[in-house]
Amino acid sequence: MDKLAASSKAFLEKTYGCSSSGDAPDSDVEGFLKSSDITAPEIPVDLQWVNSQPLSIHGSLSGRYVLLDFFTYCCINCMHILPALHQLEQEVEEDGGGLVLVGVHSGKFSNEKTERNILDAVTRYKITHPVVNDGNYDMWNTYQIVCWPTLVLINPEGKVVLVSIGESDVGRVVRFVKDALRTCPPTARTPVPHLTPDIAADSAEQAAKKILSYPGKVHYHADTNSLFISDTANDRILQVNCLGEIVGHFPKPGLQTPGSLDPTNRVPVTSLSSPQGLAVFGDSVIVCDTANHRLVTVPLSRGVIEDGSAHVLAGTGLQGSDLEGGKTGLQGSDLEGGK
């Protein structure tokens, strides 16, 4: 696997480089797909699953591309790649399917190995694809994984064809998967047998019935004697008075569209995605719009969150990629789509 990981990185860098668009030559993609003869190890039958009944690489998943995402829910790098994987799932499904994303949760700490905690994390991060609990590192060891996150692509014939370590190449991996689906189409595109992604969905529905869902931060504002709360999993902020009554919220109910953003920052903000830190400055609430990679200012009217539009205070809408420091603004963001 080490050699495949090294050759995968070299191929991704050479083929996609810094270009943010355009398909790779069919011959290059097909050649790399056929260059590996590593048979994918099977998923142990006794592992616990979330969002699915047990699946099999060489059984129920046969004929499809399978992308294994080795992660642990305490790993921020693992969380960073989830939006890209979610978008890939949606785009492939719209194009007719043929790809199954399977999260392999190899917990780092003992508390991360229990099914209840994994289910909570899956709900919190809105993961709807199948997740298998690899608490004893069975798959981690057989796939020779060395760190989180690691992406492993398996072709329709059950061969491991790509290994990507870390988060930096996720954009290139996404492009390669799309090119692979186009160049060497899967033989099976129908819904996966026994796939029942409703466990986390049920949990999410139950969470939605509560006022708060995994709130991330709280700020007390003495002047208004109220609390401002980041209702993180509900993609909103709330203002609550001393009686516990909600007196303000942003965005308006029905306008929550997490993930939608304008990287140019030229239009008013109408939604948040996984908001975290927040504080009142003057007549505005400054919110860390975490998943949208920006700071948003939400106006107050007489000390209460206004229903009017918010605006971007800082941020490009893209995750920074300056690992050494010193860059500012657009220079510090990955605008090339390669990382």
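Relevant structure appears above.
Residues numbered from 1 in each chain as written. Predicted model: local features only at pLDDT ≥ 70, side-chain atom pairs only at ≥ 80, totals over all residues. Heavy atoms only, no water.

(A) Structural detail: the pairing of strand S11 (residues 246-250). Sheet topology note: the strand S10 (residues 236-240)/S11 ladder contains 4 bridges and is antiparallel. Bridge pairing links Leu238 to His249 in S11. Linking S10 to S11, which pair antiparallel, is a turn of 5 residues; within it Gly244 sits at a positive phi near 85 degrees. (Pairing = 2+ DSSP bridges. Helix = DSSP H or I, 4+ residues; strand = E, 2+ residues; numbered from the N terminus.)

(B) The environment of Cys184, seen in detail. Here Cys184 lies in the loop between helix H6 (170-183) and helix H7 (199-208). Along the sequence, Cys184 and Pro156 sit 28 residues apart, while their C-alpha atoms lie 9.1 Å from each other. Residues contacting Cys184, with those up to four places away along its chain left out, are Glu30, Leu33 and Tyr65. (Contact = heavy atoms within 4.5 Å.)

(C) Quick look at the pattern of salt bridges. Under the defined criterion, the tally for this structure stands at 11 salt bridges. When the shortest N-O distance is used, the salt bridge between Glu13 and Lys9 registers 3.5 Å. Of this pair, Glu13 and Lys9 both sit in helix H1 (residues 2-16), separated by 4 residues, roughly a single helical turn. With relative accessibility at 39%, the residue Glu13 sits in the partly exposed group. One salt bridge in this structure joins Lys34 and Glu30, with 2.8 Å as the shortest N-O distance. (Salt bridge = Lys/Arg side-chain N within 4 Å of Asp/Glu carboxyl O. Buried < 20%, exposed > 50% of the residue type's maximum accessible area, 1.4 Å probe, protein only.)

Limitation: the analysis is restricted to geometry and does not speak to function.
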